[in-house]
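One letter stands for each residue in the lines below.
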Amino acid sequence: MPSNSSNRKFPRVIIIGAGFGGIEVAKKLKNKEVEVLLLDRNNFHTFQPLMYQVATGTLSADSISFPVRKMFKNQENFHFRLADVKSIDNEAKIVKTDIGDFDYDYLVVATGATTNFFGNQQITKYALPMKNIQEALNIRSYVLQNLEEAVMIPNPEDRKPNLNFVIVGGGPTGVELSGAIAEIKNNVLEKDYPELKKSEMSVYLVEGLPKVLANLSEKASKNSEKYLKDLGVEVLLNVQVTGYDGNSITFADGRSIETKTVIWGAGVAGQYPDGFKKEVIQRGNRIQTDDQCRVIDMPGVYAIGDVSAFITDDLPRGLPGVAPVAQQQGGYVAKHILQTMSNQPTEKFSYFDKGSMATVGRNKAVVDMGKIHFSGFLGWMTWMFVHLMSIYGFRNKLITFVNWTVKFFTKNSGVRLIFHKYDEPTPEEQAKTIQ
């Protein structure tokens, strides 16, 4: 594939990131007079809304992943390169990667977000994030490692840290994770580990705001909190985390919990390559765009999805970091590029909110669709249907459906395997962090 624009028949659109937004841009440019080049450090797309089910052993990692090349096997103007993007030179219109440089006519930055620890080095060191497949597998391994270790500790008091699981962040990720771990406690613990009692294991959900699922309706928030408590989750609201040293998590009100497992879902921060002016980087480490998804003062460059700060008078805090936003922005940007190429007028991007939902556990979910709110079994069935239909690939849909069906009837299915042990920080690393 040529790297020099003078040798190309059509303009080149480079897309950085194979998430929901990047994939949508590439799909919408099929059979158009452009050359599409997608760059990503992984050769697969991940269905992130079900990442927590990999972390808790309900699904295997390959059930929510799909090969990028297979996804676009019938798109002749599509190319993919496995690359780690280092920087962008917009004056020269070059993307610099670990496998070489690529020139572009249009650039779409869809690099997503990573975990935001808000500058707390201690929490960064010891808490477990969950923004990619490897991190989800780390959580799965570490949860199981702690249960295995607890079996070997004869004194119930001494094994409490191994059996206390703390999830920080009351958004959909935190709610779904804490519900899933609570179901392990209720349905799996005593079957797999007869030496342990269900009463010994505790699951905590910590949220700094007065309610969980703050972006959903009041009804959805209250119902999800009730469902969590019904599962045995201890919900701590209006609680700020001040530190975690790998053994004890501390809170601003002076309380603490002895635990070896803290899963951090309290915030995200945009991730992007070098080459952006600091003036365009906004709150949450996101790239500011205009109302047409174009990066400020960078002609031909777009930012979409979690990495984008789409700030307008009507949206002073930007758009929510959810898959539908990235997908709609992806479709819009593809159309915008084609309109720009043909000197057609362009319109502002407008997000259409189809609704929000979250599941807490078996038969327990909440759904907001405009003014319509429902929950319980109907919400759970709606949640499952929407997510099942959104997964890429017939095989993945089938495997996920089978796993969910088996779990519904047995309450005891899953992939509780430790393929690679998650290594805790060494005492030397702990000492460096404390210093």
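Nothing here was measured: the structure is a model prediction, and the numbers come from that model.

Criteria and thresholds
- Residues numbered from 1 in each chain as written.
- Predicted model: local features only at pLDDT ≥ 70, side-chain atom pairs only at ≥ 80, totals over all residues.
- Heavy atoms only, no water.
- Helix = DSSP H or I, 4+ residues; strand = E, 2+ residues; numbered from the N terminus.
- Rg over C-alpha atoms; globule rule 2.2 N^0.38 Å.
- Buried < 20%, exposed > 50% of the residue type's maximum accessible area, 1.4 Å probe, protein only.
- Contact = heavy atoms within 4.5 Å.
- Areas by Shrake-Rupley, 256 points an atom, 1.4 Å probe, with all protein chains shown as cover.
- Lys, Arg positive; Asp, Glu negative; His and termini not counted.
- Charge placed at Lys NZ, Arg CZ, Asp CG, Glu CD.
- Pairing = 2+ DSSP bridges.
- Axes fitted to C-alpha atoms, helices over the stretch in contact; angles between N-to-C directions.
- Salt bridge = Lys/Arg side-chain N within 4 Å of Asp/Glu carboxyl O.
- 1 Å grid on protein atoms, 1.4 Å probe; cavity = no way out; pocket = protein on both sides within 12 Å on 5 of 7 lines; lining within 4 Å.
- Points joined across faces, edges and corners; volume = space filled by probe spheres on them.
- Nonpolar A, V, L, I, M, F, W, Y, C, P; charged D, E, K, R; others polar.
- Parallel < 35°, antiparallel > 145°, perpendicular 65-115°, else oblique.
- Left-handed = near helix turned anticlockwise from the far one by under 90°.
- UniProt positions renumbered as here; feature names shortened; annotations may be inferred.
- Phe/Tyr/Trp six-rings, centres within 6.5 Å; stacked < 30°, edge-to-face > 60°.
- Lys NZ or Arg CZ within 6 Å of the ring centre and 35° of its normal.

Trainee: For the overall build of the protein, give the residues involved together with the corresponding values.
Mentor: What the protein contains, in helices and strands, is 13 helices and 25 strands. Against the 2.2 N^0.38 benchmark of 22 Å for 435 residues, the protein shows a C-alpha radius of gyration of 23 Å, consistent with a compact globule. Along the first, second and third principal axes, the C-alpha set of the protein runs to 75 × 50 × 40 Å. Expressed as a percentage of its 435 residues, the buried residues of the protein come to 52%. For the protein, the share of sequence-separated contacts (at least 6 apart) that also reach a separation of at least 24 residues comes to 63%. In the form shown here, the protein has an accessible surface area of approximately 20,700 Å², with 51% of it arising from carbon and sulfur atoms. In the protein, 50 side chains carry a positive charge and 47 a negative one; their mean positions are 6 Å apart.

Trainee: Give a description of the side chain of Gln292 that names residues and reports values.
Mentor: Structurally, Gln292 can be placed in the loop between strand S20 (286–289) and strand S21 (301–303). Residues in contact with Gln292, not counting those within four places in the same chain, are Tyr302, Phe310, Tyr332, His336, Thr346, Glu347 and Lys348.

Trainee: Lay out the sheet that holds strand S16 (residues 256–258) in plain terms, naming residues and giving numbers.
Mentor: The strand order across the open sheet built from three strands is S14-S15-S16, with neighbouring strands paired in antiparallel fashion. Among the strands making up the open sheet, the edge pair consists of strand S14 (241–244) and S16. Recorded for the sheet is a direction-independent mean angle of 15° between the axes of neighbouring strands. The pairing of strand S15 (residues 248–251) with S16 spans three bridges and is antiparallel. Bridge pairing in S16 places Ser248 opposite Glu258.

Trainee: Residue-level account of the pattern of salt bridges, with values.
Mentor: Enumeration over the complete set of coordinates arrives at 18 salt bridges. Measuring nitrogen to oxygen at the nearest pair gives 3.5 Å for the salt bridge that ties Lys160 to Glu157. Taking the relative accessible area as the measure of exposure, Lys160 reaches 39% and is therefore partly exposed. For Glu225, the salt bridge is made with Lys229, and the minimal N-O distance between the two is 2.9 Å. Here Lys229 and Glu225 lie together in helix H9 (residues 218–231), a separation of four residues that amounts to about one turn. Since its relative accessible area comes to 17%, Glu225 is described here as buried. One continuous salt-bridge network, built from bridges that share partners, spans Arg8, Arg12, Glu35, Asp103 and Asp105.

Trainee: Lay out the pairing of strand S24 (residues 364–369) with the relevant residues and their values.
Mentor: In terms of burial, S24 is a largely internal element, five of the six residues being buried. Bridge analysis of strand S23 (residues 356–361) against S24 gives five bridges, and the strand direction is antiparallel. In the sheet register, Gly361 faces S24, and the bridge partner there is Lys364. Hairpin remark: S23 followed by S24, antiparallel, with two residues in the connecting loop; positive phi at Asn363, about 65°. The sheet contact formed by S24 and strand S25 (residues 372–375) spans four bridges and is antiparallel. Opposite Val366, over in S25, you have Ser375 as the bridge partner. What sits between the antiparallel neighbours S24 and S25 is a turn of two residues, in which Gly370 has the positive phi angle 65°.

Trainee: A description of the layout of surface pockets should follow, citing residues and the corresponding values.
Mentor: Here the second largest pocket is characterised by a volume of approximately 220 Å³. As for the second largest pocket, its lining consists of Phe377, Trp380, Met381, Met384, Phe385, Leu388, Met389, Phe401, Trp404, Thr405, Phe408 and Phe409. Secondary structure elements with two or more residues in the lining of the second largest pocket: helix H11 (376–390) and helix H12 (394–410). Its residues placed into classes, the lining of the second largest pocket shows 11 nonpolar, one polar and no charged.

Trainee: Which residues make up the packing of H11 against H12, and what values do they have?
Mentor: Relative orientation of the contacting elements H11 and H12 amounts to 155°, with a least axis distance of 10 Å. Considering their axes alone, H11 and H12 lie roughly antiparallel with respect to each other. Viewed along their axes, H11 and H12 form a crossing whose handedness is right-handed. The residues of H12 that touch H11, namely those facing Trp380, Trp383, Met384, His387, Leu388 and Met389, are Lys397, Thr400, Phe401, Trp404 and Phe408. Looking at side-chain class alone, the contact of H11 with H12 contains eight nonpolar, two polar and one charged residues.

Trainee: Report on the UniProt feature "domain: FAD/NAD(P)-binding" (unreviewed entry) in the protein, specifying residues and quantitative values.
Mentor: Mapped onto the present numbering, the UniProt feature "domain: FAD/NAD(P)-binding" (unreviewed entry) falls on residues 12–330. Here residues 12–330 is 28% helix and 27% strand, with 16 Å between the C-alpha atoms at its ends.

Trainee: Tell me what's going on with the pairing of S20, and back it up with residues and numbers.
Mentor: In this sheet, S20 lies alongside strand S19 (residues 281–282) in antiparallel orientation, the contact comprising two bridges. When the sheet's bridge partners are listed, Gln282 is paired in S20 with Arg286. Remark: three residues form the turn of the hairpin made by S19 and S20, two consecutive strands paired antiparallel; Gly284 in that turn has positive phi of roughly 80°. When S20 meets strand S22 (residues 308–310), the two strands line up parallel, connected through three bridges. Opposite Thr289, over in S22, you have Phe310 as the bridge partner.

Trainee: Provide a residue-level description of the packing of aromatic side chains, including the pertinent values.
Mentor: For any pair of aromatic rings, geometry is given as the distance between the ring centres together with the angle between the planes. Applying the stated rule across the entire model yields 12 aromatic pairs. Here the aromatic rings of Tyr126 and Tyr244 are separated by 6.4 Å at their centres, their planes lie at 90°, and the arrangement is edge-to-face. In this pair, Tyr126 is assigned in helix H4 (residues 121–126) and Tyr244 in strand S14, connecting sequence segments 118 residues apart. Both rings, one in Tyr272 and one in Phe276, keep their centres 5.7 Å apart while their planes meet at 80°; by these two values the pair is edge-to-face. Judged by its relative accessible area of 26%, Tyr272 falls in the partly exposed class. Sitting over the face of the ring of Phe408, Arg362 holds its NZ or CZ atom 4.4 Å from the ring centroid.

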